[in-house]
Amino acid sequence: MQRHHPSSRLGRRQRSVTILGLLLSAAFFSAALMAEADGPDHFRVVKVAEGDVLNLRAEPTATGRKVGEIPPNASCLRNLGCRGGLTFKEFSTLNPEQRAERERQNPRWCKVEYRGVTGWVAGQFLAEGGCP
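Note that the coordinates shown come from a computational prediction; the quantities given were computed from them, not determined experimentally. (Residues numbered from 1 in each chain as written. Predicted model: local features only at pLDDT ≥ 70, side-chain atom pairs only at ≥ 80, totals over all residues. Heavy atoms only, no water.)

1. Some words on the overall build of the chain
Short version of the rule: Only DSSP runs of H or I reaching four residues or more are called helices, and only runs of E reaching two or more are called strands; each is numbered from the N terminus. Buried, partly exposed and exposed residues are distinguished by accessible area as a fraction of the type maximum, computed with a 1.4 Å probe on protein chains only: under 20%, between the cut-offs, and over 50%, respectively. Note on contacts: a residue pair is in contact if any heavy atoms of the two residues lie within 4.5 Å.
In terms of helices and strands, the chain carries three helices and seven strands. Helices (α) and strands (β) of the chain occur, in sequence order from the N terminus, as α-β-β-β-β-α-α-β-β-β. Every one of the 132 residues in the chain was classed for burial, and the buried ones make up 22%. In the chain, 63% of the contacts between residues at least 6 apart in sequence involve partners at least 24 apart.

This is the structure:
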């Protein structure tokens, strides 16, 4: 029968805790990087009529306080993250009528920065865009 010195068990336990900590850290930072990589870096405005504006709001709702206006031909809106909208599964499995209903129930709102002003805009008025 082999006996283990108590310090050797402690060493293995410390190594296990260290390895677990490193794995958890890697998972956390990978998730953080993926969250920041969600969507394009910049948007452009679409489906807004000439002479109209896209409202920039303080909260992600149509009734949120208006903090700015974006012209209908604007580009270079920096993407700060979106919420709501269809999941990939919903987009892939629902028919057009079901998708439209789901989008009404859970509209997509995106936080953007445009010319130094930060706020939320309805995602239906955004498309991937560049920044000259």
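2. Points about the side chain of Glu90
Filter applied, for reference: N or O atoms within 3.5 Å of each other form a polar contact, as long as, within protein, one can give a hydrogen and the other can take it, and as long as residues adjacent in sequence are counted only when both atoms are side-chain atoms.
The residue Glu90 is located in helix α2 (residues 88-93) in this model. A polar atom in the side chain of Glu90 sits 2.7 Å from the side chain of Arg102.

3. Details of the pairing of strand β4 (residues 75-83)
Just so we agree on the cut-off: When DSSP locates at least two bridges between a pair of strands, those strands are taken to pair.
Bridge analysis of strand β1 (residues 42-45) against β4 gives three bridges, and the strand direction is antiparallel. Note on β4: the bridge partner recorded for His42 is Arg78. In terms of strand pairing, β4 meets strand β5 (residues 109-114) through four bridges, oriented antiparallel. Pairing of Asn79 across the sheet is with Val112, part of β5.

4. Regarding the state of the cysteines
Just so we agree on the cut-off: Cysteine sulfurs are considered disulfide-paired once they come within 2.5 Å of each other.
The full count for this structure, using the stated rule, is two disulfides. The residue that forms a disulfide with Cys76 is Cys131, at a sulfur-sulfur distance of 1.7 Å. Of this pair, Cys76 sits in strand β4 while Cys131 is found in the segment after β7 (126-129), placing the two residues 55 residues apart along the sequence. Classification of Cys76 by relative accessible area gives partly exposed; the value is 24%.

5. Topic: the nonpolar core
As a rule of thumb, soluble globular proteins bury nonpolar side chains together. Let me state the cut-off plainly: Grouping buried Ala, Val, Leu, Ile, Met, Phe, Trp, Tyr and Cys residues that are joined through side-chain atoms within 4.5 Å yields what is termed a nonpolar core.
If you look at the biggest cluster of nonpolar residues, it comprises 13 residues, and the most contacted ones within it are Val45, Leu54, Ile70, Leu77, Val112, Val121 and Leu126. Of all the elements in the fold, those that place two or more residues in this core are β1, β2 (54-57) and β5. Counting residues per element, this core draws most heavily on β5, which supplies three residues. Each residue touching Leu77, except ones within four places of it in the same chain, is listed here: Asp41, His42, Phe43, Val45, Ile70, Val112, Glu113, Tyr114 and Leu126.

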